[in-house]
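For reference, the chains in residue letters:
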Amino acid sequence: MSKKELYTGAEILLKSLEQEGVDRIFGYPGGVILTIYDALYMQDKIKHYLVRHEQAAIHAAEGYARVTGKCGVALVTSGPGACNAVTGIANAYYDGYPLVVLTGQVASDQIGGDAFQEADIVGITRSCCKHNYLVKDVKDLARIIKEAFFIATTGKPGPVVVDLPKDIINAKTTFKYPDEVKLAGYNPTYVGHPLQIKKALKMLCSAERPVIIAGGGVLTSGAHEELTELAQKLEIPVCHTLMGTGVYPANNPRYLGMLGMHGNYWANFAVMHADVIFAVGTRFNDRITGCLKRFAKDAQVIHIDIDPCSISKNVKVNVPIVGDAKNVLQQMNELFENKKQEIHSAEKKAWFEQIEEWKQKRALPSRSKDKLSAVDVIRTLYETTKEYDPIVCTEVGQHQMWTAQLFEFNKPRHLITSGGLGTMGFGFPSAMGACASRPDKVVLNIAGDGSIQMNIQELATCMDYGFKVINCVINNGYLGMVRQWQEKIYNKHYSQTKISAPDFVKLAESYGALGIRVEKEEEIIPAIKKAMESDVPVIIDFICESFEMVYPWVLAGKPLNEVLLSNE
């Protein structure tokens, strides 16, 4: 065997990534992974983006995955580096997006000895990733990387962690990348059971008050066209979860918008009064069901999900269908065409009329006139940028819900937001991942003055790589959503929710970015246009009313049809 046939674990890692089509990764170096960074230095096929915090690396990789549909990749060092990545890993896990997270680890013979910068990242992430590996032999590395990508991208997508001890990275062996993966006990179901599909279609055709709930699984499976086709054929109105935004065109007459805690009044009422609910790719979490005991008591439920554990976990299901949403919806469309089943359009007329009546009930403004209304700012932002078809990222809080309510998305993968974990600090780095994947697109990050400060240092990353993220900060001086709960539920005891902030204009300028402050309504549109023309990242600091509330609002533990529409 010649010397040239031997490669270090670091070189094998990069060759394996190349085999998976990886052309960019996000990361932050450290002592135990320097051999990997040296190997990165010696090649030009994989571009590395240096972030300023490991959490941002994971969020950026997830933003990349969300926009492209590919698997995102991040690389962090051992100990604090890996621990800093945990929030990002958990975020991707709960929202179901594919990542391969490469973590450094101390040398194998030091594991368990409390070595410098040692952390049991396999143990730490066991409950918040789809799978994880501790590589114990360099000969297994190529196989493990192949398996990691396979697991991350198949079934219900999710993050896979690969822990790389220092000695494994430095050890040498030959390289042969596996052609296929065979994992005992892991065999996701992609095609729905024909009898269940037939039963579901019959139930939908005979329904008088049907509703489709489209979740994030429709987006990750790429099933938006199949969903739209079936909804049109069966004449069924469609609402969606936060994570399902964009899977059904907002300009369609039967579009109901988002349901749930801060969803549309009429979407909530339609679900609560439905006789058949057709749920596709949703976990039925508490944010869309409200009080489970009182959720849609008169409805029969059909549920499609690739994860069998999600079916009947929260809501009892009458017709369960395990499978990939795209495949199952294709099966349903084909069966409908072949059988030419009758749709009871006459019975549905009254249903559509009732929904139109509910649509007249809308939330009322909840602000004074002293400062800008966040609702007005976000509505104007949508109207001013919609012709550019932007990718919109958000942090978490009031601004997130206003964005989901006010922006109209006619395409999938254009709203990037944290759903299941509700991670403040997610929006800005995820916007970087969006920029890395789509440099041709306008990328907005709508943030609060609290959440933007959690990863504000990533302005440096944006400057380094030309990521022209437009950060629109709703600056109301509070942790807005928490303050809203304190006002309504805790007798206005604003405990630790009033938050200070830097001068965002000066802060942006200190990084070389553009800072703009907006305090008057007539300044909103000029500021947005100036930001759109900028060649550098932007922070627009919108000085907004402190006590504006997000409505509609279903209080925690209440049923979906007990909707607050104003402060009254």
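Look up: the structure comes first, before these words.
Residues numbered from 1 in each chain as written. Predicted model: local features only at pLDDT ≥ 70, side-chain atom pairs only at ≥ 80, totals over all residues. Heavy atoms only, no water.

## Concerning helix H17 (residues 398-406)
Here is step 1 of the chain: In terms of burial, H17 is a largely internal element, eight of the nine residues being buried.
Here is step 2 of the chain: All of the buried residues in H17 are Gln-398, His-399, Gln-400, Met-401, Trp-402, Thr-403, Ala-404 and Leu-406. (Buried < 20%, exposed > 50% of the residue type's maximum accessible area, 1.4 Å probe, protein only. Helix = DSSP H or I, 4+ residues; strand = E, 2+ residues; numbered from the N terminus.)

## With respect to the nonpolar core
Here is step 1 of the chain: Phe-26, Ile-89 and Phe-467 are the most contacted members of the largest nonpolar core, which totals 49 residues.
Here is step 2 of the chain: The element contributing the most residues to this core is helix H3 (residues 54-68), with eight residues.
Here is step 3 of the chain: Those residues within four positions of Ile-89 in sequence are excluded, and the remaining contacts are Ile-58, Val-101, Thr-125, Cys-128, Cys-129, Pro-159 and Val-161. (Core = buried A, V, L, I, M, F, W, Y, C linked by side-chain atoms within 4.5 Å. Contact = heavy atoms within 4.5 Å.)

## Quick look at helix H2 (residues 34-41)
Three or four residues apart is the spacing at which side chains of an α-helix point the same way, because the helix has 3.6 residues per turn.
Here is step 1 of the chain: Inspection of H2 places Ile-36, Tyr-37, Ala-39 and Leu-40 among the buried residues, and these make up the whole buried set. Take H2 and look down its axis: the buried residues cluster within an arc of 155°, on one side only. Of the exposed residues in H2, those oriented more than 90 degrees away from the buried face are Leu-34 and Tyr-41.
Here is step 2 of the chain: Check the buried side of H2 and you find it contacts helix H1 (9-19), strand E2 (24-27), strand E3 (47-50), strand E4 (72-76), strand E7 (159-165) and helix H8 (166-170). (Arc of directions from axis to C-beta.)

## Notes on the packing of aromatic side chains
Here is step 1 of the chain: For the structure on display, the rule yields 18 aromatic pairs.
Here is step 2 of the chain: With a centroid separation of 5.4 Å and an interplanar angle of 45°, the aromatic rings of Tyr-49 and Phe-467 are classed as tilted. Highlighted residues: Tyr-49 in strand E3 and Phe-467 in the loop between helix H19 (459-465) and strand E18 (470-475), separated in sequence by 418 residues.
Here is step 3 of the chain: A relative accessible area of 4% means that Tyr-49 is categorised as buried. (Phe/Tyr/Trp six-rings, centres within 6.5 Å; stacked < 30°, edge-to-face > 60°.)

## Quick word on the side chain of Glu-395
Here is step 1 of the chain: By secondary structure assignment, the location of Glu-395 is in the loop between strand E15 (391-394) and H17.
Here is step 2 of the chain: With no salt bridge to any partner, buried Glu-395 finds its closest opposite charge in Arg-66, at an N-O distance of 12 Å.
Here is step 3 of the chain: Within the local environment of Glu-395, its side chain forms a polar contact with the backbone nitrogen of Gly-427, the two atoms lying 3.0 Å apart.
Here is step 4 of the chain: Apart from residues lying up to four places away in sequence, Glu-395 is in contact with Gln-400, Thr-417, Met-424, Gly-425, Phe-426, Gly-427, Phe-428, Asn-445, Ile-446, Ala-447, Ser-451 and Ile-452. (Lys, Arg positive; Asp, Glu negative; His and termini not counted. Salt bridge = Lys/Arg side-chain N within 4 Å of Asp/Glu carboxyl O. Polar contact = N/O pair within 3.5 Å; in protein donor to acceptor, adjacent residues only side chain to side chain.)

## Points about the packing of H1 against H2
Here is step 1 of the chain: Where H1 contacts H2, the two axes come as close as 8 Å, and the packing angle between them is 55°. Comparing the axis directions of H1 and H2 gives the class oblique. The handedness of the crossing between H1 and H2 comes out as right-handed. Of H2, the residues touching H1 (which contributes Ala-10, Glu-11, Leu-13 and Leu-14) are Thr-35, Ile-36, Ala-39 and Leu-40. (Axes fitted to C-alpha atoms, helices over the stretch in contact; angles between N-to-C directions. Parallel < 35°, antiparallel > 145°, perpendicular 65-115°, else oblique. Left-handed = near helix turned anticlockwise from the far one by under 90°.)

## Observations regarding a nonpolar patch on the surface
Here is step 1 of the chain: On the surface, Tyr-93, Tyr-94 and Leu-421 cluster together into a nonpolar patch covering about 240 Å² of accessible area.
Here is step 2 of the chain: Positionally, Tyr-93 belongs in helix H5 (residues 86-95).
Here is step 3 of the chain: Here Tyr-93 falls in the partly exposed class, since its relative accessible area comes to 30%. (Patch = residues over 30% accessible without salt bridge, like charges linked within 9 Å, V, L, I, M, F, W, Y side chains within 5 Å. Areas by Shrake-Rupley, 256 points an atom, 1.4 Å probe, with all protein chains shown as cover.)

## Regarding the sheet that holds strand E9 (residues 210-214)
Here is step 1 of the chain: Strand order in this open sheet of six strands is E11-E10-E9-E12-E13-E14, and the pairing throughout is parallel. Here the strands that pair on one side only, and so sit at the sheet edges, are strand E11 (255-258) and strand E14 (319-322). Averaged over all pairs of adjacent strands, the angle between their axes in this sheet comes to 15°, without regard to strand direction.
Here is step 2 of the chain: Two strands pair when backbone bridges link them, and strand E12 (residues 276-280) and strand E13 (residues 300-305) are joined in this way by five bridges, in the parallel orientation. Bridging from a neighbouring strand, Ala-279 pairs with His-303 of E13.
Here is step 3 of the chain: The sheet contacts of helix H12 (residues 265-272) involve E9, strand E10 (238-240), E11 and E12, and relative to E11 the element is tilted by about 105°. (Pairing = 2+ DSSP bridges.)

## Points about the sheet that holds E3
Here is step 1 of the chain: Read from one edge of the open sheet, six strands run E3-E2-E4-E5-E7-E6, paired in parallel fashion. If you trace the sheet from one side to the other, it starts and ends with E3 and strand E6 (131-134), each paired once. With strand direction ignored, the average angle separating the axes of adjacent strands in the sheet is 20°.
Here is step 2 of the chain: Of the strand pairs in this sheet, E6 and E7 are connected by four bridges, and their pairing is parallel. Of the residues in E7, the one forming a bridge with Leu-134 is Asp-163.
Here is step 3 of the chain: Against the sheet, H3 makes contact with E2, E4 and strand E5 (99-105), and its axis sits at roughly 170° relative to E4, the strand it touches most.

## What about unusual backbone geometry?
Here is step 1 of the chain: Cis rather than trans, the peptide bond between Tyr-551 and Pro-552 has omega equal to 0°.
Here is step 2 of the chain: Here Ala-296, not a glycine, exhibits a phi torsion of approximately 40°, which is positive.
Here is step 3 of the chain: Its place among the elements puts Ala-296 in the loop between helix H13 (286-289) and E13.
Here is step 4 of the chain: Overall, Ala-296 belongs to the buried group, its relative accessible area being 6%.
Here is step 5 of the chain: In this structure, Ser-312 takes a positive phi of about 65° despite not being glycine.
Here is step 6 of the chain: Here Ser-312 shows up in the loop between E13 and E14.
Here is step 7 of the chain: With relative accessibility at 40%, the residue Ser-312 sits in the partly exposed group.

## A closer look at the environment of Leu-292
Here is step 1 of the chain: The residue Leu-292 is located in the loop between H13 and E13 in this model.
Here is step 2 of the chain: On the basis of relative accessible area, Leu-292 is assigned to the partly exposed category, the value being 42%.
Here is step 3 of the chain: In this structure the C-alpha to C-alpha distance between Leu-292 and Thr-384, which are 92 residues apart in sequence, comes to 40 Å.
Here is step 4 of the chain: For Leu-292, the residues in contact, after removing those within four places along its chain, are Asn-314 and Val-315.

## A short note on the pairing of E2
Here is step 1 of the chain: Of the pairings in the sheet, the one linking E2 to E3 comprises four bridges and is parallel in character. Its bridge partner being in E3, Gly-27 is matched across the sheet by Leu-50.
Here is step 2 of the chain: Following the backbone out of E2, through H2 and into the adjacent parallel E3, one traces a crossover that is right-handed.
Here is step 3 of the chain: Taken together, the two bridges between E2 and E4 define a ladder with parallel strand orientation. Bridge pairing in E4 places Gly-27 opposite Leu-75. (Right-handed = clockwise from strand over helix to strand, strands pointing away.)

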